[in-house]
Amino acid sequence: MQYNHTLPRAVICDVDGTLVDRERKEPTARLLACLERARRQGALVLVASGRIRQLVPAALRETADYCVCGNGGIVLDRGGDVVCETPYAPELVEELTAFCRRIGGALSFSFPSGYGAYCDFERMRRMYLESTGMDGGITDETARRDRHLREAPFSAFLIGNEGEVYRYLRGQPRLQGARQWQDHFDIYPVAATKAAGISQVLQRHGIDWKDVVAFGDSPNDLEMLAAAGRGYAMGNACPEAKEL
């Protein structure tokens, strides 16, 4: 990556594992003050997460200029208006659902209006509550599994055996996965990455990646960390992020 030691024009932060974790579910006052200081100095502030916007801590939503959600599947401005979106094709929703049912897993899709569980509603709701302290307004879609025909999702979260998930993804060229912890995966279209969503915002403001500082820890952060003029992997980051 290229290094630029001037003040950044944009500051981008991952959420889980970077600004919050499973024990500390809200960003600290010090972190929020740092982001606000960056804004006062003229930098654009973005949070980039696998979460839907409704599950991004309120203090971050109020501080950030943009939320890049669903690993880049949807980008929203501070007012909650959609800037760009990369939706799931209906057949991919159905294929992923069929796979999840085959392996006895749990699955939710991220819709603009909230989460919808397509497999094992109670397990998905419990996972969101335990990891974020909120359930994201998740609805039980397990009876009909047709919400995607009325409202296109932009990302998914799958709980299932890791070996089975990796085998499925190797044979599915239109989807990619990012392991969050054992047997828990973000699953999203190959066209959607945090870096792709961020690029839309940077182009909108005439900002070059070399003038960006980014922080992250997970496989779904790799592209943005590599693209940023200054990309920093957290101490708890995956080995791939630390090697950049």
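Scroll up for the structure.
Everything numeric here is computed off the predicted structure, so don't read it as measured data.

Conventions and cut-offs
Residues numbered from 1 in each chain as written. Predicted model: local features only at pLDDT ≥ 70, side-chain atom pairs only at ≥ 80, totals over all residues. Heavy atoms only, no water. Buried < 20%, exposed > 50% of the residue type's maximum accessible area, 1.4 Å probe, protein only. Helix = DSSP H or I, 4+ residues; strand = E, 2+ residues; numbered from the N terminus. Arc of directions from axis to C-beta. Contact = heavy atoms within 4.5 Å. Polar contact = N/O pair within 3.5 Å; in protein donor to acceptor, adjacent residues only side chain to side chain. Salt bridge = Lys/Arg side-chain N within 4 Å of Asp/Glu carboxyl O. Pairing = 2+ DSSP bridges. Axes fitted to C-alpha atoms, helices over the stretch in contact; angles between N-to-C directions.

A. Structural context of helix α5 (residues 162-170). Buried residues of α5: Glu 162, Val 165, Tyr 168 and Leu 169, and no others. Within α5, the buried residues cover an arc of 130° as seen down the axis, which keeps them to one side. Close packing links the buried residues of α5 with α3 (90-103), β9 (155-159), β10 (175-181) and β11 (184-189). Between the side-chain oxygen of the N-cap and the backbone nitrogen of Gly 163 there are 3.1 Å, and the N-cap of α5 in question is Asn 161.

B. A look at the pattern of salt bridges. Counted according to the given criterion, the structure contains 16 salt bridges. We note a salt bridge from Glu 36 to Arg 39, for which the minimum N-O separation is 3.5 Å. Taken together, the residues Glu 36 and Arg 39, both in helix α1 (residues 29-40) and 3 residues apart, mark about one turn of the helix. Overall, Arg 39 belongs to the partly exposed group, its relative accessible area being 25%. A salt bridge links Lys 210 to Asp 211, with the shortest nitrogen-to-oxygen separation between them at 3.5 Å. Judged by its relative accessible area of 13%, Asp 211 is buried. Each of Glu 36, Arg 39, Asp 65 and Arg 78 takes part in salt bridges that share partners, so that together they form one network.

C. Structural context of the sheet that holds strand β3 (residues 66-69). What the 7 strands build is an open sheet, ordered β5-β4-β3-β2-β1-β12-β13; its pairing is mixed. Two strands close off the open sheet at either side, each with one partner strand: β5 (82-85) and β13 (230-233). For this sheet the average axis-to-axis angle between neighbouring strands, irrespective of direction, equals 15°. Bridge count between β3 and strand β4 (residues 74-77): 4 bridges; the pairing is antiparallel. If you follow Cys 69 over to β4, its bridge partner there is Ile 74.

By themselves, these are just geometric observations and shouldn't be taken as functional.
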